[in-house]
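Structural overview
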Number of protein chains: 2
Amino acid sequence: MTASSAPRPPRLRRSAGDRRAQLVQIGLELLPTTPVQELTIDEVARRAGISRSLLFHYFATKREYYTAVTRAAADLLWEHLLPPPGTSPQEQVSGMLDRFVGWVETYRETHLAFVRGAAGGDPWVSEVYEETRGRLVEVALTALGLPDDLRRRQLVLAWFAFTEDLVGQWVEEPTMSRPELLDLLHDVLDRLTAR
Amino acid sequence: MTASSAPRPPRLRRSAGDRRAQLVQIGLELLPTTPVQELTIDEVARRAGISRSLLFHYFATKREYYTAVTRAAADLLWEHLLPPPGTSPQEQVSGMLDRFVGWVETYRETHLAFVRGAAGGDPWVSEVYEETRGRLVEVALTALGLPDDLRRRQLVLAWFAFTEDLVGQWVEEPTMSRPELLDLLHDVLDRLTAR
DNA sequence: GTAGCTTGTTGAGCGTTGCTCAGCAGGCCG
DNA sequence: CGGCCTGCTGAGCAACGCTCAACAAGCTAC
């Protein structure tokens, strides 16, 4: 409840970069509790303590803003999963898998919201996640030492959908041990790519 | 282009059932070309030749309307996939798989839009598809003669995500023959449930 | 210090959309 | 023909995405 008698909070200017980052950050925080369609510019602006107009100064369109938020989320995931340099190929894949499960365990709500937001409707938004999925598959195939042909690519992408879904279910209702899960996922991937 | 001089089309009353069905039908037709967020009540009402108000008489909320449309789409899929009575258990699963691929082949755009709409954001909507997925998995497990325990259920659900994704990719870019695809999907399912 | 410029920032306002409500009117009944 | 049930409409409100002209914070130049 803002006191109506408050003279007015001293308006402070932020650099363009700061403001953009702040707005994207607010989007990331809102993501887990708010489906895209219910995310309003008003709410974001209110949280940032700025006018709606300013948000449109940084993002020409609501879609553009939402895409930027999605991209930020995708980048976080990407940076977390990418194998550190100097890892052996075998370790790269199992390491990524392990970190992926850990990621979903830690940011369950956020990650699920991210995936749903990316999967749902809007092509501009889903493209962002598609791209990240594509890059991840590329890394995985390289680590496995397999040629990146179209057929295998499809299989690994579909395997990723399998993984997303299974891990998503597993964190809500663990029906096996963590190592069992990791083993199963790795095994399915191996069998699929061996074909 | 509606002639402005048209005296006024004779307003005709429909029974409540007819009108509801018509509105849902319009939703189904709009689904493939229109992401949820861009589906407007105005557009639907315009196509039905009725006022916005009437739509709110049948569906209290836009969400409720959209849920009804999704349910209709899910029911169509369900009826198409359900094995006819008197089929042998083995045929049931491969038959369902075959019909599923056929379904995606035939209604590619519509089905993809349906899945995306169901996956995206809104819990009320996604629940509808979740339910259908659950029933399909139940049928599959029964046909396979396997107990419906939690673990297997998760695996088959995840396999379904795998299948959705792979078939979706395959129809856009066939990297293998149709029988190969069916065989692969069936094989993966068998290996997963055999564990 | 102050004039001036850059640019972060705002408020008023427009068109559209989801949704409400009081009441009109089609068509079946007596 | 009169009455009633109920399908149906139009006006209108609040909230939203988005635009635009103008204000003002804070740096630089003198």
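Residues numbered from 1 in each chain as written. Chains lettered and ligands numbered in written order. Predicted model: local features only at pLDDT ≥ 70, side-chain atom pairs only at ≥ 80, totals over all residues. Heavy atoms only, no water.

UniProt tags residues 17–77 of chain A as "domain: HTH tetR-type" (unreviewed entry). The annotated region residues 17–77 of chain A carries 74% helix and 0% strand content, and the separation between its end C-alpha atoms amounts to 22 Å. (UniProt positions renumbered as here; feature names shortened; annotations may be inferred. Helix = DSSP H or I, 4+ residues; strand = E, 2+ residues; numbered from the N terminus.)

A few words on the relation of the copies chain A and chain B. Each copy of the sequence occupies a distinct position, and chain A is placed on chain B by a rotation of 180 degrees and an axial shift of 0.0 Å, giving an RMSD of 0.1 Å. Taken together, these values place the two copies in the relation of a two-fold axis. Closest approach to the rotation axis among the C-alpha atoms of chain A is made by Gly120(A), whose C-alpha sits 1.8 Å away. A share of 100% of the interface residues of chain A reappears at the interface of chain B, consistent with the copies meeting face to face through the same patch. (Least-squares fit on C-alpha atoms with pLDDT ≥ 70 in both. Contact = heavy atoms within 4.5 Å.)

It is worth spelling out the protein's contact with DNA strand D at this point. Taken together, 24 residues form the shell around DNA strand D, and within it Arg13(A), Lys62(A), Arg14(B), Arg19(B) and Ser53(B) come nearest. When the atoms of DNA strand D within 4 Å of the protein are sorted by group, sugar and phosphate make up 57%. The separation between a base oxygen of DNA strand D and a polar side-chain atom of Ser53(A) is 3.4 Å. Arg14(B) is positioned such that a nitrogen or oxygen atom in its backbone is 2.8 Å from a phosphate oxygen of DNA strand D. Only α2 (41–48) and α3 (52–58) of chain A together with α3 (52–58) of chain B provide two or more residues apiece to the surface near DNA strand D. No other element matches the 5 residues that α3(B) contributes to the surface near DNA strand D. (Near = heavy atom within 4 Å. Polar contact = N/O pair within 3.5 Å; in protein donor to acceptor, adjacent residues only side chain to side chain.)

The next subject is the interface of chain A and chain B. By a frequent convention, interface size equals the accessible area lost on bringing the separate parts together. With 33 residues of chain A in contact, the opposing surface of chain B contributes 33 residues. Carbon and sulfur atoms make up 57% of the area that chain A and chain B hide from each other, which totals about 3,100 Å². At the surface where chain A touches chain B, the tally comes to 6 salt bridges. The salt bridge partner of Glu180(A) is Arg151(B), with a shortest N-O separation of 3.9 Å. On inspection of chain A and its partner chain B, the count reaches 8 residue pairs in polar contact (both at pLDDT 80 or more). Elements with a minimum of two residues in the side of chain A that touches chain B: α6 (108–119), α8 (150–172) and α9 (178–194) of chain A. Looking at which element gives the most residues to the side of chain A that touches chain B, the answer is α8(A), with 13 residues. A per-class count over the side of chain A that touches chain B returns 15 nonpolar, 6 polar and 12 charged. (Buried area = accessible area lost by both parts, 1.4 Å probe. Salt bridge = Lys/Arg side-chain N within 4 Å of Asp/Glu carboxyl O. Nonpolar A, V, L, I, M, F, W, Y, C, P; charged D, E, K, R; others polar.)

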